[in-house]
Amino acid sequence: YHSTISFLILSHHIYLCGYSILSNRLFDVIGPAEALIALVGEEAVFLCHLNPSMNAEDMEVTWHRNDLEGVVYYYGKTQNNVKHQRQEYQGRTEFLKENITKGQMALRIHPILPSDEGEYSCSFISSVHSSSAEFLVSVTGEPLINNCKGNHSTSIQLTCTPTGWYPEPEVQWRELQGRRLAPDTETMTTNDIGLVLVKSSITVYGIMESGGIMSCFIRNPVQNVEKGAHISIAREF
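Keep in mind it's a predicted model, so treat the numbers as computed, not measured. (Residues numbered from 1 in each chain as written. Predicted model: local features only at pLDDT ≥ 70, side-chain atom pairs only at ≥ 80, totals over all residues. Heavy atoms only, no water.)

*Asks:* Just to check I follow, could you spell out the packing of aromatic side chains for this structure?
*Replies:* The description of an aromatic ring pair rests on the distance of the ring centres and on the angle between the ring planes. Applying the stated rule across the entire model yields six aromatic pairs. Taken together, a centroid distance of 4.9 Å and an interplanar angle of 25 degrees make the contact between Y75 and F95 stacked. Here Y75 is found in strand β8 (residues 71-75), whereas its partner F95 is found in strand β9 (residues 93-96), with 20 residues between them in sequence. Each member of the pair, Y75 as well as F95, carries the same accessibility label: buried. Note on Y120 and F135: the rings are 5.8 Å apart at their centroids and 15 degrees apart in plane angle, and the pair reads as stacked. Pair noted here: Y120 is in strand β11 (residues 118-125) and F135 is in strand β12 (residues 130-140), with a separation of 15 residues, a long-range link. The burial state of Y120 is the same as that of F135; both residues are buried. (Phe/Tyr/Trp six-rings, centres within 6.5 Å; stacked < 30°, edge-to-face > 60°. Helix = DSSP H or I, 4+ residues; strand = E, 2+ residues; numbered from the N terminus. Buried < 20%, exposed > 50% of the residue type's maximum accessible area, 1.4 Å probe, protein only.)

Now the structure itself:
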């Protein structure tokens, strides 16, 4: 005679001839939904979690830079993270696993450097499945600016020296009425950690009828933040 064996898959269980066998659950990795903006010198937290939520204590978790070889951070019970970690991230990373039983893990990096900008991925590997998520990190410098300085004579040379910017900022000189003026000279240099140092100068000639205010505005193109320094000029220099 012929016998028939029926299989019914329901709610992650396989029913075979009246017996229930719990199947291994698959998962997706969910990373940051939008690009992360990290400030130079501050800390940034890269959070990834599993969907559906499940215990990840026995999984291997890795954060990669997609444009570089090696790993940013590796978590696993049987291997040493530092052995595989890129040298520039050693001593700057901290693994946050308070919610690991819920499938939520995060990597803290401090301090953030300009070189940390790029595309990352976090991957989770279990005994039967693996998944990853990609996200973008944009690095920017805190928009700080020093005051304008003037040299008194028949003309005044004003110099604006904002420091510690990333990426390269946009610089504008403006009169009190808002009219933009072209600088006489402008230089941008990069320091040893990748921050942009700016020096912009403009010369004001003659006697101003009623005095006025000259302003140097610096704009951060990533954060779309603008800051300005101002100097008051008397009627006679």
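*Asks:* How do you make sense of the side chain of R92 when you look at a structure like this?
*Replies:* Along the chain, R92 turns up in the loop between α1 (81-84) and β9. Judged by relative accessible area, which is 10%, R92 ranks as buried. Discounting residues that sit within four places of it in the chain, R92 has contacts with R108, I109, H110, P111, I112, L113 and D116. (Contact = heavy atoms within 4.5 Å.)

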